[in-house]
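Fold and geometry: a report
Below, each chain spelled out in residue letters.
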Amino acid sequence: MITRQFVDRQNLQEFHPFTRLRALLEDIPVGRSCLQDGQVINLSIGEPQTQPPAFVAEEIEKASTGWSKYPLSKGTPDYLEASANWLEKRYNLPEQFIDPTKHLLAVPGTREGLFMTALTVLSTPQKDTQAPVFLTPNPCYHVYTGAAAAAAAEVVTVSATKESGYLPDYTTVPEDILERTELCVLCSPSNPEGAVATPQQIKDLISLARKYDFVVVFDECYAEIYNETAPHSALEMALEIAQDMVGETTTETNTNFSHNSQIDPLANILVFHSLSKRSSAAGLRCGFIAGDEKWISMINTTCQVGGAGVPIPVQAAGTRLWQDEEHVKENRARYKQNFDLAKKILGQAHSVEIPAGGFCLWLDVGNGIEVTKKLWQEAGIRVMPGAFMSHANSKGTSPGDRYIRLALVYDPSFMEQALLSIANILKEIKDIGVND
Ligand SMILES: Cc1ncc(COP(=O)(O)O)c(C=O)c1O
């Protein structure tokens, strides 16, 4: 299902899920927490509650002379090289497929990167159209729509439902809309559902973007948190498409690719990564964009004019984090434990699908807003109603209405108590028929 709307900048707060959640809960007295210290349990935000490795503080200290310097917006050579090396290793890319000097840009988190990208792409329309279109999944991370509003684009949302495998199928978008599309986002693993796009889905989207000449943003900030199989990147698929075009085959080491002037393997694609989820370092504000050289350069210009840049000591810590895998494996194992607990505790009464990626549980509770209020009122548990991450159609309904999103971001022992409390409350609600 497709909805179309212009997001009025005056009403941007209506699209900010956390503002809406605050308004929903502010007059409801908070219930007694299941925790001994009576602490409120906040599962509404995707903010990992474990600490990043201790070496982060050490690296920042070592690079502390950098505090007096304005950072170059592009990123330090060390940071860009570490990012390129990580991409090569993680996705088996040939050396120089990602050239740090051309295809990479350091950003203070994917949020800022996404915003600057939307602003850049939508304010530089490549097509002769009065209203550039921005294609986004529904539900989605609110910054996509916020950025489209800032750039006065028309937002066209494509539903991601159980039937569509919780991902939007952009190949169903009518041609007249695709012809006006300047920018499109695919989040994989997706927020809020944790769905992972297949190689074919990614390739189809790259082909669609090239056919209709729009930029496609692949938000891969949850790529390192997965249940069993490591999610694929659009960069791998871009390589495969390019190899197919020149009649090369993918090899185990993939050393046989060279950029040539006939095809640009990274054309039309931008891939976003961040240390916020991978390394539990949301406060560090450190990530990068990889992809199409022309757009990387233009986004860099936007950042040079209006961006904050990533402080040099932060990039030093980021460099080390991209080089370390141990802490990432530990994080992944912890999220797996949390999902196993969720399945065990909530799975008897609810259909709990452990997502392929990410750390959020997208739970069908019948009426997400009512259940959110109840969890707060009964046990001081804050969750995000799916409706607040979704866009309603003309009848006022959205694909998120039945759901709540639980970010399983605490330690398993803490999560267990929270989940037991949620299970009890959901049972009570079911008994009185609120969620049907
Ligand atoms: C889908 C998605 N993209 C991007 C972000 C932004 O993360 P950061 O800016 O910390 O990298 C988030 C944060 O929750 C997210 O859920």
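Residues numbered from 1 in each chain as written. Predicted model: local features only at pLDDT ≥ 70, side-chain atom pairs only at ≥ 80, totals over all residues. Heavy atoms only, no water.

**Let's talk about the site of the ligand**
We count it as follows: By convention in this text, a residue qualifies as near a molecule or strand provided that one of its non-hydrogen atoms is within 4 Å of it. The definition of a polar contact used here is a pair of N or O atoms within 3.5 Å, where within protein one atom must be able to donate a hydrogen and the other to accept one, and adjacent residues in sequence count solely through side-chain atom pairs. With residues, only the protein chains shown are counted as cover, and all accessible areas are computed by Shrake-Rupley using a 1.4 Å probe. All amino acids are sorted into three groups, where Ala, Val, Leu, Ile, Met, Phe, Trp, Tyr, Cys and Pro are nonpolar, Asp, Glu, Lys and Arg are charged, and the leftover types, Gly among them, are polar.
Every one of the 15 residues lining the ligand counts as a neighbour, but T110, D219, S274, S276 and K277 are closest to it. Between an oxygen atom of the ligand and a side-chain N or O atom of K277, the distance comes to 2.7 Å. When the free accessible area of the ligand is taken as 400 Å², the share hidden by the protein chains comes to 92%. Residues of the shell around the ligand, tallied by class, amount to six nonpolar, five polar and four charged.

**A few points about the domain arrangement of the chain**
For clarity, the cut-off: Domain delimitation follows an automatic or database domain assignment. Note on terms: buried area is the combined drop in 1.4 Å-probe accessible area of two parts once they are placed together, counting the loss on both. What makes a salt bridge here is a side-chain nitrogen of Lys or Arg within 4 Å of a carboxyl oxygen of Asp or Glu, nothing more. What counts as a helix is a DSSP run of H or I of at least four residues, what counts as a strand is a run of E of at least two, and both are numbered from the N terminus.
According to the domain assignment, the chain contains domain 1 (13-52 + 332-430) and domain 2 (55-323). When each unit is reduced to the centre of its C-alpha atoms, the spacing between domain 1 and domain 2 is 28 Å. Taken together, both faces of the contact between domain 1 and domain 2 bury some 2500 Å²; the carbon and sulfur share is 58%. Per-residue buried area on domain 1 facing domain 2 is highest for R332, W362 and H391; these three make up 23% of the total on that side. Taken together, domain 1 and domain 2 are joined by one salt bridge. With its nearest N and O atoms 3.6 Å apart, the salt bridge here joins K162 to E353. For the side of domain 1 that touches domain 2, the elements supplying multiple residues, two or more each, are α1 (17-25), α12 (326-346), β10 (360-364) and β13 (403-407). In terms of residue count, α12 provides more of the side of domain 1 that touches domain 2 than any other element does, four residues in total. Looking at side-chain class alone, the side of domain 1 that touches domain 2 contains 15 nonpolar, nine polar and five charged residues.

**What about the side chain of R180?**
To be explicit about the condition: Throughout, a residue-residue contact means that at least one pair of heavy atoms, one from each residue, lies within 4.5 Å.
In this structure, R180 sits in the loop between α6 (175-178) and β6 (181-187). With residues near it in sequence (within four places) discarded, R180 still touches R4, K127, T129, A131, P132, V133 and E154.

**Quick notes on the sheet that holds strand β9 (residues 287-291)**
Filter applied, for reference: Strand pairing is assigned whenever DSSP identifies at least 2 bridges connecting the two strands. Axis angles are defined between N-to-C directions and span 0 to 180 degrees, where every axis is a line fitted to C-alpha atoms and, for a helix, only to the segment in contact.
Spatial strand order, β1-β5-β4-β6-β7-β8-β9-β3: eight strands in an open sheet with mixed pairing. Each of the sheet's edge strands pairs with one partner strand only, and the pair in question is β1 (2-6) and β3 (104-107). Within this sheet the neighbouring strands show an average axis-to-axis angle of 20°, counted without direction.

**Remarks on the nonpolar core**
Selection criterion: Here, nonpolar core means buried Ala, Val, Leu, Ile, Met, Phe, Trp, Tyr and Cys residues that are tied together by side-chain atoms lying within 4.5 Å of each other. Think of it in three bands: residues with accessible area under 20% of the maximum for their type are buried, residues over 50% are exposed, and the middle band is partly exposed, with areas taken using a 1.4 Å probe on protein chains only.
Within the largest apolar cluster, 60 residues are counted, with the highest numbers of intra-cluster contacts made by L87 and F218. Considering each element in turn, this core owes the most residues, seven residues, to helix α3 (residues 77-91). L363, V371, V383 and I404 belong to the second largest nonpolar core, which has 37 residues in total.

**Quick look at the side chain of S274**
Along the chain, S274 falls in strand β8 (residues 269-274). Dropping the residues within four chain positions of it, S274 is found in contact with T110, C221, C286, G287 and W322.

**Topic: the layout of surface pockets**
To keep it simple, the criterion reads: In this analysis, the protein atoms alone were mapped onto a 1 Å grid. Cavities are point sets where a 1.4 Å probe fits without being able to get out; pockets are open sets with protein on both sides within 12 Å along at least five of seven lines; lining residues have an atom within 4 Å of a point. Grid points are joined across faces, edges and corners, and a volume is the space filled by probe spheres set on the points.
Quantified by volume, the largest pocket comes out at close to 500 Å³. Forming the walls of the largest pocket are 25 residues, and the residues nearest its centre are I45, G46, R111, Y141 and K277. Considering every element that reaches the lining of the largest pocket, the biggest residue donor is helix α4 (residues 110-122), with three residues. In terms of residue class, the lining of the largest pocket is built from eleven nonpolar, eight polar and six charged. Built from parts of two domains, the lining of the largest pocket gets at least three residues from each of domain 1 (13-52 + 332-430) and domain 2 (55-323). Of the residues in the lining of the second largest pocket, the class split is six nonpolar, seven polar and three charged. Viewed by domain, the lining of the second largest pocket spans two of them, domain 1 (13-52 + 332-430) and domain 2 (55-323), each represented by three or more residues.

**Examining the packing of α4 against helix α5 (residues 142-150)**
Worth spelling out the cut-off: Take the far helix as the reference: if the near one is turned anticlockwise from it by less than a right angle, the crossing is left-handed, and if turned clockwise, right-handed.
Two elements in contact, α4 and α5, have axes whose closest approach is 9 Å; the angle formed by their N-to-C orientations is 35°. Here the hand of the crossing between α4 and α5 comes out right-handed. For the pair formed by α4 and α5, the contact residues are R111, L114, F115, A118, L119 and L122 on the first element and V143, Y144, G146, A147, A148 and A150 on the second. The residue makeup of the contact of α4 with α5, split by class, is ten nonpolar, one polar and one charged.

**What to know about α1**
The condition that has to hold: Along the arc lie the directions from the helix axis toward the C-beta atoms.
P17, L21, L24 and L25 are the residues of α1 that are buried. For α1, the arc enclosing every buried residue in end-on projection is 80°, short of the 170-degree limit, so these residues lie on one face. The inward-facing, buried residues of α1 contact α5, α13 (368-379), β11 (381-382) and β12 (384-385).

**Here we look at the state of the cysteines**
Operational definition: When the sulfur atoms of two cysteines come within 2.5 Å, that pair is taken as a disulfide.
This structure, assessed with the given rule, holds zero disulfides. Looking at the unpaired C286, the closest cysteine sulfur is the one in C303, lying at 13 Å. The exposure class assigned to C286 is buried, which follows from its relative accessible area of 1%.

**Let's talk about the sheet that holds β10**
Taken in spatial order, the three strands line up as β10-β13-β12 in an open sheet, and their pairing is antiparallel. If you trace the sheet from one side to the other, it starts and ends with β10 and β12, each paired once. Pairing geometry for β10 and β13, over five bridges, is antiparallel. Across the sheet, C360 pairs through a bridge with A407, a residue of β13.

**Structural notes on the packing of helix α2 (residues 55-62) against helix α11 (residues 312-323)**
This is how the line gets drawn: Roughly parallel covers angles under 35 degrees, roughly antiparallel covers those over 145, roughly perpendicular covers 65 to 115, and oblique covers all other angles.
Orientation of α2 relative to α11, taken along the N-to-C sense of each, is 140°, at an axis distance of 8 Å. The angle between the axes of α2 and α11 places the two elements in the oblique class. As for the relative orientation of α2 and α11, their crossing is right-handed in sense. On the side of α2, the interface is formed by F55, V56, E59 and I60, while α11 contributes P313, A316, A317, R320 and L321. When the residues that make up the contact of α2 with α11 are grouped by side-chain class, the tally is seven nonpolar, no polar and two charged.

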